[in-house]
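Geometric and topological summary
So you can see what is in the structure, the chains are spelled out below.
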Amino acid sequence: MTTTAVVSNDVLRAVRIGLRMSQDDLARAIRRAGDEAGDPNDASKRLVQRWESGISKTPRPVYARALERVTGLSVEALGFSLAVPKARVREDGAGGHDMEPGPEGVASALPASSPRPTAQQAGEPQYNGVWLSRYEFYSSSRDETFVGAHYVVLIQHGNRLTGRSLPGGSANPDSQLALDLTLDRNVVTGSWTEQTATDGYYQGARYHGALQMLAEPTGRRLAGKWVGFGKDFDVNTGPWELVKKETSTSKATLERYSRPPE
């Protein structure tokens, strides 16, 4: 029988002391950061003690996000030996996307043997908010690759994600994007529809297709591929990425992002 040695997280302790915070202060700051971001948590002094002692090596995503906001450092830089938060979506060199392995080769947000959670289980990533959507497409008539960018609001209900572009939130203000997606662990699958601007190059044409992406465990980035038909009804594909900008969906936030992406 083998046992795993408990190694204290001196990095986190040093960062906390450098911020002139007690363990109780840090717990309060984590709760406050979560509340301000609309991502509440129940951090306690006892939890901070467990992190620093090394008893708890893996903060749940809701705590990881708040820790990053409080300290300005990634959870990796805070001394946690994490598999999940280290995972990142990357291009695989063969036209697709993979999850980069974390420590011990862990490559997915949840081990294959884990029981399936509900999409909004406490502590799991939440996808409500404003996202920057960017996809690439090749125009055969112009022999050039272009980027379509929109600010979209995503609303999560269970394992369903519904996205709509914000008015004026596109490089071409009259372009409207709709996303209807399903979340299964760290895999996002669904459909997209874009109504192009009537005064734009595509003269109001409506395009639609399928989309599959991988979600990074922090819930801040989705990356994958789209597939759809072209003007000659040939099937095209290209990369698509969504990056979270705001958790809030308040009227003031939506108005702030009702502008062309920079």
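Okay, so let's go over this structure. (Residues numbered from 1 in each chain as written. Predicted model: local features only at pLDDT ≥ 70, side-chain atom pairs only at ≥ 80, totals over all residues. Heavy atoms only, no water.)

Attention now moves to the overall build of the protein. Within the protein, the secondary structure is distributed over 5 helices and 10 strands. Sequence separation of 24 or more characterises 49% of the internal contacts of the protein that already satisfy a separation of 6 or more. For the protein, the computed accessible surface area is about 13,800 Å², with 50% contributed by carbon and sulfur atoms. (Helix = DSSP H or I, 4+ residues; strand = E, 2+ residues; numbered from the N terminus. Contact = heavy atoms within 4.5 Å. Areas by Shrake-Rupley, 256 points an atom, 1.4 Å probe, with all protein chains shown as cover.)

Ranked by size, the top nonpolar core spans 21 residues in total, and within it L179, V188, L211, L222, W240 and L242 carry the most contacts. Among the elements of the structure, β3 (129-139), β4 (144-157), β6 (176-184), β7 (187-195), β8 (206-215), β9 (221-229) and β10 (235-246) are those that each provide at least two residues to this core. Contacts of L242, omitting those with residues within four sequence positions, involve W131, L132, S133, V152, L179, M213, R220, R221 and L222. Counting residues in each nonpolar core, the second largest holds 18 residues, with A33, W51, V62 and L78 among its members. (Core = buried A, V, L, I, M, F, W, Y, C linked by side-chain atoms within 4.5 Å. Buried < 20%, exposed > 50% of the residue type's maximum accessible area, 1.4 Å probe, protein only.)

This part is about unusual backbone geometry. In the Ramachandran plot, R185 falls in the positive-phi region, its phi being about 60° despite a non-glycine side chain. For R185, the position within the fold is in the loop between β6 and β7.

Our focus in this paragraph is the packing of aromatic side chains. Counted under the stated rule, the structure contains 9 aromatic pairs. Judged by centre distance (5.8 Å) and plane angle (70°), the rings of W51 and Y63 are edge-to-face. Here W51, found in helix α3 (residues 45-53), pairs with Y63, found in helix α4 (residues 61-71); they are 12 residues apart in sequence, far enough to count as distant. When its relative accessible area of 1% is taken as the criterion, W51 is described as buried. Arranged with centres 4.9 Å apart and planes meeting at 45°, the rings of Y135 and W240 form a pair that is tilted. One end of the pair, Y135, is in strand β3; the other, W240, is in strand β10, and 105 residues separate them in sequence. Take Y135: its relative accessible area is 10%, and that puts it in the buried class. Taken together, the ring pairs in this structure connect Y135, F137, F146, W192, W226 and W240 into an aromatic cluster. (Phe/Tyr/Trp six-rings, centres within 6.5 Å; stacked < 30°, edge-to-face > 60°.)

β3 sits mainly inside the fold: 8 of its 11 residues count as buried. Note that β3 and β4 share 11 bridges and pair antiparallel. Along β4, the bridge assignment pairs V130 with V153. With antiparallel pairing between neighbouring strands as the criterion, β3 and β4 make up a hairpin whose turn holds 4 residues, including D143 at a positive phi of roughly 50°. Sheet topology note: the β3/β10 ladder contains 6 bridges and is antiparallel. Looking at the pairing, Y135 lines up with W240 of β10. (Pairing = 2+ DSSP bridges.)

Helical geometry: 3.6 residues make up each α-helical turn, so side chains three or four residues apart lie on a common side. Regarding α3, the residues found buried are L47, V48, W51 and E52. The buried residues of α3 occupy an angular sector of 135° when the element is viewed end-on, so they sit on one face. Buried residues along α3 sit against α1 (10-18), α2 (23-36) and α4. G54 sits one or two positions beyond α3 and adopts a positive phi of about 90°. (Arc of directions from axis to C-beta.)

This part takes up the packing of α1 against α3. Close contact between α1 and α3 brings their axes to 7 Å; oriented N to C, the two are set at 130°. Classified by the angle between their axes, α1 and α3 sit oblique to one another. Facing α1, whose interface residues are L12, R13 and R16, α3 presents V48, W51 and E52. Of the residues in the contact of α1 with α3, the class split is 3 nonpolar, no polar and 3 charged. (Axes fitted to C-alpha atoms, helices over the stretch in contact; angles between N-to-C directions. Parallel < 35°, antiparallel > 145°, perpendicular 65-115°, else oblique. Nonpolar A, V, L, I, M, F, W, Y, C, P; charged D, E, K, R; others polar.)

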